[in-house]
Amino acid sequence: MEGHHHHHNPHQQQQQLHQHHLQQPISVNVDTTADRFPQWSIQETKEFLMIRAELDRSFMETKRNKMLWEVISTRMREKGFNRSAEQCKCKWKNLFTRYKGCETMEAEAMRQQFPFYNELQAIFSARMQNILLSESEGGATGSKKKAMQLSSDEEEDMEEHEVDKGSVRKKKKGKTSGAISGSTSGSSNNNIKEILKDFMRQQMQMEMQWREAFEARENERRLKEMEWRQTMEALENERIMMDRRWREREEQRRMREEARAEKRDALITALLNKLRREDHM
């Protein structure tokens, strides 16, 4: 029995080595796939946000937006960026999450932490204007459109964010599908109200900052203009004084020249008279 046991040990080791060699290429393939999706550059992200902004109205009008992400992927490829529809969707969710996280930051820290804040702010500002315009024009249908202030991807992201923070309770197994949809719409309405409040607060803060900056620039401009006027008046007064001194010196020089000419004429006249007297003698 012992000899039989020693006879099978090398065979088992060979099988283990063979399996180890078969597994090695799999790990290499996994490592190589990590480099297939490079990070998004700043220019690529800006191009992506420009395309997403153009299609934002379409995203708000439909819940199933898979085809819209395919359109964005195609247009990204036309611009030289090879991104799939799923990558574009994940990138938007990531940008939206970072945008929401910047709401409590100061303006300078916000620009450093998230350089695309202004682009997303422009998208949501344009969306809010479109919603307000459609509500004013739609009348009775305004209540239906009011619930469409977030796209389906953003609603999913907001719900996932709330779950991660622990603010959303687990649903009971005995609830019906109607109750689940009702609670989801209620949380969505609360999120929409919070977003509206945050949006208006940010708009007021931005307007106040803009007014303060404008008044500071206006005061600085007035001070510089006053300093410039005072400097110009001082230069003008100095020029007038220099011109006056020059005229006085010129007048004195002319008087000295006239005095010297009179003396010279008198001397010449005296010499001529003397010579005439000597000739007569």
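Just so you know, these numbers come straight off a predicted model, no measurement behind them.

A.B. asks: Where do I start with the overall build of the protein chain in this structure?
C.D. replies: Counting its secondary structure elements, the protein chain contains 10 helices and 0 strands. Scanning the protein chain from its N terminus toward the C terminus, one meets helices and strands in the order α-α-α-α-α-α-α-α-α-α. Taken across its 281 residues, the protein chain has 22% of its residues classed as buried. Sequence separation of at least 24 residues holds for 65% of the intrachain contacts in the protein chain that already meet a minimum separation of 6.

A.B. asks: Any chance you could explain the packing of aromatic side chains here in plain terms?
C.D. replies: The geometry of an aromatic ring pair is captured by two quantities: the separation of the ring centres and the angle between the planes. All told, the structure shown has 9 aromatic pairs when counted by the stated rule. Centre to centre, the rings of F96 and F124 are 5.8 Å apart; their planes meet at 55°, and the pair counts as tilted. On the criterion of sequence distance, the pair formed by F96 in helix α5 (residues 85–101) and F124 in helix α7 (residues 117–138) is long-range, its members being 28 residues apart. Residue F96 is classed as buried on the basis of its relative accessible area of 2%. Taking the relative accessible area as the measure of exposure, F124 reaches 9% and is therefore buried. Taken together, the ring pairs in this structure connect W92, F96, Y99, Y117 and F124 into an aromatic cluster. When the ring centre of W92 is taken as origin, the NZ or CZ atom of R52, which lies over that ring, is 4.1 Å away.

A.B. asks: What exactly am I supposed to notice about the nonpolar core here?
C.D. replies: A general trend in soluble globular proteins is that nonpolar side chains are found buried together. F48, I72 and L120 are the most contacted members of the largest nonpolar core, which totals 25 residues. Those elements giving two or more residues to this core turn out to be α2 (42–54), α4 (66–78), α5 and α7. The element best represented in this core is α5, accounting for 6 residues. If we ignore the near neighbours within four places in the chain, the residues touching L120 are L49, W92, L95, F96, Y99 and F114.

A.B. asks: Help me understand the packing of α2 against α5, please; the structure alone is not making it clear to me.
C.D. replies: A packed helix pair is summarised by two numbers, namely the angle formed by the two axes and the spacing between the axes. Across the interface, α2 lies against α5 with an axial gap of 12 Å and an inter-helix angle of 95°. Comparing their axes, α5 and α2 come out roughly perpendicular. Between α2 and α5, the contacting residues are T45, F48, L49 and R52 on the first element and C88, K91, W92 and L95 on the second. The residue inventory of the contact of α2 with α5, partitioned by class, reads 5 nonpolar, 1 polar and 2 charged.

A.B. asks: For this particular structure, what's the right way to read the pattern of salt bridges?
C.D. replies: Two side chains carrying opposite charge are able to pair once their charged atoms lie near each other. Overall, the coordinates contain 19 salt bridges when judged by the stated rule. Between R52 and D56 there is a salt bridge; the shortest N-O distance is 2.8 Å. Accessibility expressed as a relative area gives 0% for R52, which makes it buried. For E218, the salt bridge goes to R222, with nearest N and O atoms at 3.8 Å. Linking E218 with R222, this pair stays in helix α10 (residues 177–280), spanning 4 residues, or about one helical turn.

A.B. asks: Looking at this structure, I do not really get a nonpolar patch on the surface. What am I missing?
C.D. replies: A cluster of nonpolar side chains, W228, M232 and L235, forms an exposed patch at the surface whose accessible area comes to about 330 Å². Note on placement: W228 falls in helix α10. For W228, a relative accessible area of 52% gives the class exposed.

A.B. asks: What's the story with α5 in this structure? I'm lost.
C.D. replies: In an α-helix, one full turn covers 3.6 residues, which means residues spaced three or four apart are oriented alike. Here α5 is 17 residues long and its end C-alpha atoms lie 25 Å apart, about the 24 Å a rise of 1.5 Å per residue gives. Of all the residues in α5, the buried ones are A85, Q87, C88, K91, W92, K93, L95, F96, Y99 and K100.

A.B. asks: Before we go on, may I ask you to explain α4 in this structure?
C.D. replies: Compared with an ideal rise of 1.5 Å per residue, which puts 13 residues at 18 Å, α4 spans 19 Å between its outermost C-alpha atoms and is within 8% of the ideal. Among all positions of α4, only L68, W69, I72, S73 and M76 are buried. Buried positions in α4, seen along its axis, are confined to an arc of 145° and lie on one side of it. For α4, the exposed residues lying more than 90 degrees away from the buried face are M67 and E78.

A.B. asks: Please explain the confidence of the model for the protein chain as it appears in this structure.
C.D. replies: Any residue range with low pLDDT should be treated as having predicted coordinates unsuitable for detailed reading. When pLDDT is averaged along the protein chain, the result is 76, and 68% of the positions lie at 70 or above. Low pLDDT, under 50, characterises residues 140–148; the predicted model gives this stretch 12 contacts beyond four residues in sequence or across chains. The low-confidence segment residues 167–177, where pLDDT is below 50, has 6 contacts with residues more than four positions distant or belonging to other chains.

The rules we used
Residues numbered from 1 in each chain as written. Predicted model: local features only at pLDDT ≥ 70, side-chain atom pairs only at ≥ 80, totals over all residues. Heavy atoms only, no water. Helix = DSSP H or I, 4+ residues; strand = E, 2+ residues; numbered from the N terminus. Buried < 20%, exposed > 50% of the residue type's maximum accessible area, 1.4 Å probe, protein only. Contact = heavy atoms within 4.5 Å. Phe/Tyr/Trp six-rings, centres within 6.5 Å; stacked < 30°, edge-to-face > 60°. Lys NZ or Arg CZ within 6 Å of the ring centre and 35° of its normal. Core = buried A, V, L, I, M, F, W, Y, C linked by side-chain atoms within 4.5 Å. Axes fitted to C-alpha atoms, helices over the stretch in contact; angles between N-to-C directions. Parallel < 35°, antiparallel > 145°, perpendicular 65-115°, else oblique. Nonpolar A, V, L, I, M, F, W, Y, C, P; charged D, E, K, R; others polar. Salt bridge = Lys/Arg side-chain N within 4 Å of Asp/Glu carboxyl O. Patch = residues over 30% accessible without salt bridge, like charges linked within 9 Å, V, L, I, M, F, W, Y side chains within 5 Å. Areas by Shrake-Rupley, 256 points an atom, 1.4 Å probe, with all protein chains shown as cover. Expected span 1.5 Å × (residues − 1). Arc of directions from axis to C-beta. pLDDT = per-residue confidence, 0-100.

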